[in-house]
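One letter stands for each residue in the lines below.
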Protein chains: 2
Amino acid sequence: MSSPAATTTGLDPAVQNDNLIRRVHGQEHGNTSREEVNGSAESDNDTRRKVKKVIRSKYRHVEAVHSQSRPSCLSHDTTESPSFLGFRNLMVIVLVVGNLRLIIENIQKYGVLICIGCHDFRKSDINLGLLLYFLIPCHLFIAYIIEYYAAVKARDERDAIAASKQDSKDGTSSPTEEQHRKFQSTWKLVRMLHAINVTTALAFNSWVVYYYIHHPLIGTLTEIHAIIVWLKTASYAFTNRDLRHAYLHPARGELDALPELYAQCPYPQNITMGNLCYFWWAPTLVYQPVYPRTDKIRWGFVAKRCGEVVCLSVFIWFTSAQYATPVLRNSLDKIASLDIPSITERLLKLSTISLIIWLAGFFALFQSFLNALAEVTRFADRSFYDEWWNSESLGVYWRTWNKPVYQYFKRHVYSPMRSRGWSNGTASVAVFFLSAVLHELLVGVPTHNLIGVAFLGMFLQLPLIQMTKPLEKKKSSNGKLLGNIIFWVSFTIFGQPFAALMYFYAWQAKYGSVSKMASAQQLIQQGQGTCPPLV
Amino acid sequence: MSSPAATTTGLDPAVQNDNLIRRVHGQEHGNTSREEVNGSAESDNDTRRKVKKVIRSKYRHVEAVHSQSRPSCLSHDTTESPSFLGFRNLMVIVLVVGNLRLIIENIQKYGVLICIGCHDFRKSDINLGLLLYFLIPCHLFIAYIIEYYAAVKARDERDAIAASKQDSKDGTSSPTEEQHRKFQSTWKLVRMLHAINVTTALAFNSWVVYYYIHHPLIGTLTEIHAIIVWLKTASYAFTNRDLRHAYLHPARGELDALPELYAQCPYPQNITMGNLCYFWWAPTLVYQPVYPRTDKIRWGFVAKRCGEVVCLSVFIWFTSAQYATPVLRNSLDKIASLDIPSITERLLKLSTISLIIWLAGFFALFQSFLNALAEVTRFADRSFYDEWWNSESLGVYWRTWNKPVYQYFKRHVYSPMRSRGWSNGTASVAVFFLSAVLHELLVGVPTHNLIGVAFLGMFLQLPLIQMTKPLEKKKSSNGKLLGNIIFWVSFTIFGQPFAALMYFYAWQAKYGSVSKMASAQQLIQQGQGTCPPLV
């Protein structure tokens, strides 16, 4: 820029600047001369401003550091509150560091505890497990045969109705009394056969597992399988019963009452082997003649998910063997002597590990495994869970973390009861009672200890849900926060580790130190057993 | 609502509804009659819709749970990513739980370690400490006397200049040669006196602490006091030197170069006892003739801040005695045997405790204490720190966490060097070298171990700062995150506990188990020693 001063004196501004600086530095030695006085005395603002600048750069020690009033950013006087993002990062670091330390400590104390030979997978266990693995699905096929028979009968009844419609001149559409009685007895028979089939599916398998399968891992896998097939078979029977009923009363627009989706495959056509087999493998517990489907299988996707399942399973096995087992083992004498502070200490130590295992298990099962299965079966509805980790009440949690089971109980227990006039409370109690029983079976049967902790843990959710229900309504983030904290603490910090501890203790009390590792590992994994839903 | 159906059939809709439901329920028992057929066969949409609704409420088991294709909310197919707020809450819970467990463990292992009698506060230590507490400020008063003398001389010189201006007809404003020489020598003398005074302020006190004060707590307090007064005295001398120079060259507009704030109290008037005493107590290390002030003292505010200081001090004492000391003590033999994994384990365990103590100390000193002091002295500029916890590089951290020291070094070391033509790098090195020396004094002198760890810890910040400098520029949040993590890890996780461990070890090596507790407590608190600034 060319300053007025520069133009008047006809000097290049830079040179003029140099002069100024020289002048100023000249003054530093206190020697002054006339032309300088005149030079800087001339009231040319531009020059003066330059002088000022140059001098400022010289007087560094007088700079006014404290020039205005400012509050500390943490005190209440501040207008805008500061960001605390850094502390969030710090929390993560401290968490990592803390657990890193525990890992080192653990290795120093116990060395490596991973050992494949340690598991006493007895020959009989494996054989029985395999046998049941192939026997359990048979119940589905029995259900199929029953339904096939029912479908044939349904066709007959419909024909009979049509026939009677025509040949009766008054156009009444009811078959003869004798026919009617015959059909009624058919439906009774069908209902009975299903009941027997379904009950054995669960009862027989549980009996075998409880009395003849020693190893809790094999036991649990078998039991889960039995429960899943039990649920699927029941759903298959219930759904087809209603479909049949709609089929038998076409005139009253009851077919229109069915979901549009089913139109692609109306009632009797869905009773085929293929349709059943699809339901058998589909990642759902709820039977529908038709499901939303994807166009093609992305094998890359499947491979990734399977990879996740393998890695996470190894991770779970490793952590439970290396970290959970010692904690569980060390807590035995404390429980025996009812040393409350020590038990609490053990519980708290266990909680972190079981939490990690639980999260890994959740991801492995609900994200990786079910998605892989859904991709292979071209099953399009993948919402197996919602954002349960944000749930502001236990009710929300149970409704969102395990949707296959939630949807099952809602469709086949809750809604039917409601539509039959039961109150919301009674229906919920029924659901939680049922799921509590299933939990006890899932945990108690493979560990050969029906001590009722799982049952209570599940059943006591109801009061907790009632307690935290108001927090759902809360608009304030604090209310939600409180609810979320109650959920995490009650569920992952106390609920799970406590149950694991109890069953491990019961196991030890019954079998002593037999295959401790396996059982410990087992018990932690119980966390991932199907849990129920719905309020 | 009155439906067309209702109006046409002239029936009350409710009644009509009842009919519908009755019809529907009638069908359940499979008995049908003509009028019903006609009834529901009539193609009245409204009625049909009602029928549908009623029937739907009956066919609960056929409900299409899986009606559309949805991705799992954690898989990449989702359009919007889910919120993970719940996991943040979980982190906090796990942190609390983890440390709660450590607290229980600690109590079970060691019982209560808090004991007031354990500190061997020797009579001689206390007496010396008190004596120095009163002696140290004297250096400020000596500086005052020197400045007072200088001010008188300055007035004389100015008068002389003015006089020579008048009686010399050529109007040259320079005093006679002989006068000039006299004044120059005066300034030399002043400079020398200040140098001696300032040097003794630090040297003498450090010498006494190192050789005669055994207890590290008393030692540190005395050393901090000495360093603060040393810095204040130097600032007082530097600032007044520049003010005096500006005062002696009024013609060249050098007075205008001074901050507007100072106009309220121009140079010689600020050399008063009152002005000095205010600087003595003001919560700043930088001397200004005038500071921004508040109108009144809010005694409630002061009381609250003091309460915080007391509580936090007790908290720090408690935590370091109960949690830090055992960790430090247990690590001695590990260091002796150079057992690296164990040392790491100790370091990591120590890091959490030292971090908590450090944060408590920071808050106690920079938020509570300095704000209380500022309120009492009606000191308006309260920005003693900025949001250092978010700093994305070590440079930012050192510039924001301890602003009094940062501003001091910037005003009296960095800027003057820069204006004298030194490079940014050299100036920074000078600053960090100086602050490194101060750190070593602060930690090494009271612990009677000048082992240079604090010096290095401080001096090695320079490479770290250079390393993390690029991250400041980064716009991406990931870059900032990385920088922030590097800062936290390098500083609080390794830097501090390592230094504490080293000095504790050196202390033990020198004095054995004498007043372990005090020293441990001490060393952790070192974390809060004045740290330097600026890149």
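About the thresholds
- Residues numbered from 1 in each chain as written.
- Chains lettered and ligands numbered in written order.
- Predicted model: local features only at pLDDT ≥ 70, side-chain atom pairs only at ≥ 80, totals over all residues.
- Heavy atoms only, no water.
- Helix = DSSP H or I, 4+ residues; strand = E, 2+ residues; numbered from the N terminus.
- Buried < 20%, exposed > 50% of the residue type's maximum accessible area, 1.4 Å probe, protein only.
- Contact = heavy atoms within 4.5 Å.
- Areas by Shrake-Rupley, 256 points an atom, 1.4 Å probe, with all protein chains shown as cover.
- UniProt positions renumbered as here; feature names shortened; annotations may be inferred.
- Buried area = accessible area lost by both parts, 1.4 Å probe.
- Salt bridge = Lys/Arg side-chain N within 4 Å of Asp/Glu carboxyl O.
- Least-squares fit on C-alpha atoms with pLDDT ≥ 70 in both.
- Arc of directions from axis to C-beta.
- Phe/Tyr/Trp six-rings, centres within 6.5 Å; stacked < 30°, edge-to-face > 60°.

1. Examining the overall build of chain A
Of the regular secondary structure elements, chain A holds 20 helices and zero strands. Buried positions account for 53% of the 535 residues belonging to chain A. Taking all contacts inside chain A whose residues are at least 6 apart in sequence as the whole, residues at least 24 apart take part in 78%. Looking at chain A as shown, the accessible area adds up to about 23600 Å², and 67% of this sits on carbon and sulfur atoms.

2. Observations concerning the UniProt feature "active site" (unreviewed entry) in chain A
Mapped onto this numbering, the UniProt entry annotates "active site" (unreviewed entry) at H439(A). As for its placement among the helices and strands, H439(A) is situated in helix α16 (residues 424–444).

3. Examining the interface of chain B and chain A
In this assembly, 121 residues from chain B lie in contact with 121 residues from chain A. Carbon and sulfur atoms supply 59% of the area that chain B and chain A bury against each other, a total of about 10600 Å² over both sides. Our count for the contact surface shared by chain B and chain A stands at six salt bridges. Residues R70(B) and D381(A) are paired through a salt bridge, measuring 2.7 Å at the closest nitrogen-oxygen approach. Of all the secondary-structure elements, those providing two or more residues to the side of chain B that touches chain A are α2 (13–28), α3 (34–41), α4 (45–58), α5 (85–110), α9 (216–248), α12 (340–376), α14 (403–419) and α18 (477–511) of chain B. Ranked by residues supplied to the side of chain B that touches chain A, first place goes to α5(B) with 18 residues.

4. A short note on the UniProt feature "transmembrane region" (unreviewed entry) in chain A
Residues and elements named next belong to chain A. Cross-referencing UniProt, the feature "transmembrane region" (unreviewed entry) maps to residues 85–104, 125–146, 192–213, 306–324, 355–374, 421–442, 448–465 and 485–507 in the present numbering. Counted over residues 421–442, helix gives 86% and strand 0%. Its end C-alpha atoms are 31 Å apart. Secondary structure over residues 448–465 splits into 67% helix and 0% strand, and the C-alpha atoms at its two ends are 30 Å apart.

5. What about the pattern of salt bridges?
Pairing between side chains becomes possible if they bear opposite charge and their charged atoms approach one another. In the structure shown here, the tally under the stated rule is 25 salt bridges over all chains. Between K403(A) and D386(A) there is a salt bridge, with its nearest N and O atoms 3.2 Å apart. With K403(A) in helix α15 (residues 403–419) and D386(A) in the loop between α13 (340–376) and α14 (394–400), this residue pair connects regions lying 17 residues apart in the sequence. Residue classification places K403(A) among the buried residues on the basis of a relative accessible area of 8%. You can call D386(A) partly exposed: its relative accessible area is 29%. One connected set of salt bridges, linked through shared partners, spans R101(A), E105(A), K349(A), E345(B) and R346(B).

6. So, the relation of the copies chain B and chain A
Least-squares fitting of chain B to chain A yields an RMSD of 0.1 Å, with the transformation described by 0.0 Å of translation along the axis and a rotation of 180°. These values place the two chain copies in the arrangement generated by a two-fold rotation axis. Of every C-alpha in chain B, the one belonging to L95(B) sits nearest the axis of rotation, 3.2 Å from it. Comparing interface residues between copies, 98% of those in chain B also lie at the interface in chain A; the contact surface is shared.

7. Focus: helix α11 (residues 273–281) of chain A
Buried within α11(A) are the following residues: N275(A), L276(A), Y278(A) and F279(A). Buried residues of α11(A) fall within an arc of 160° about the axis and therefore sit on the same side.

8. Side note on the packing of aromatic side chains
Given two aromatic rings, their pairing is described by the distance between the two centres and the angle made by the two planes. Residues and elements named next belong to chain A. Applying the stated criterion across every chain, the model contains 90 aromatic pairs over all chains. Their ring planes at 35° and their centres at 6.0 Å tell us that F84 and F87 sit as a pair that is tilted. On the basis of relative accessibility, which here comes to 42%, the residue F84 falls in the partly exposed class. The exposure class assigned to F87 is partly exposed, which follows from its relative accessible area of 25%. Aromatic pair F204 and W207: ring centres 6.1 Å apart, planes at 35°, arrangement tilted. Residue F204 and its partner W207 are both found in helix α8 (residues 177–212); the two are separated by three residues, about one turn of the helix.

9. Let's talk about unusual backbone geometry
Residues and elements named next belong to chain A. The phi dihedral of R378 is positive, around 55°, even though this residue is not glycine. Inspection of the secondary structure puts R378 in the loop between α13 and α14. With a relative accessible area of 27%, R378 lands in the partly exposed category. The residue H448 is not glycine, and still its phi comes out positive at about 55°.

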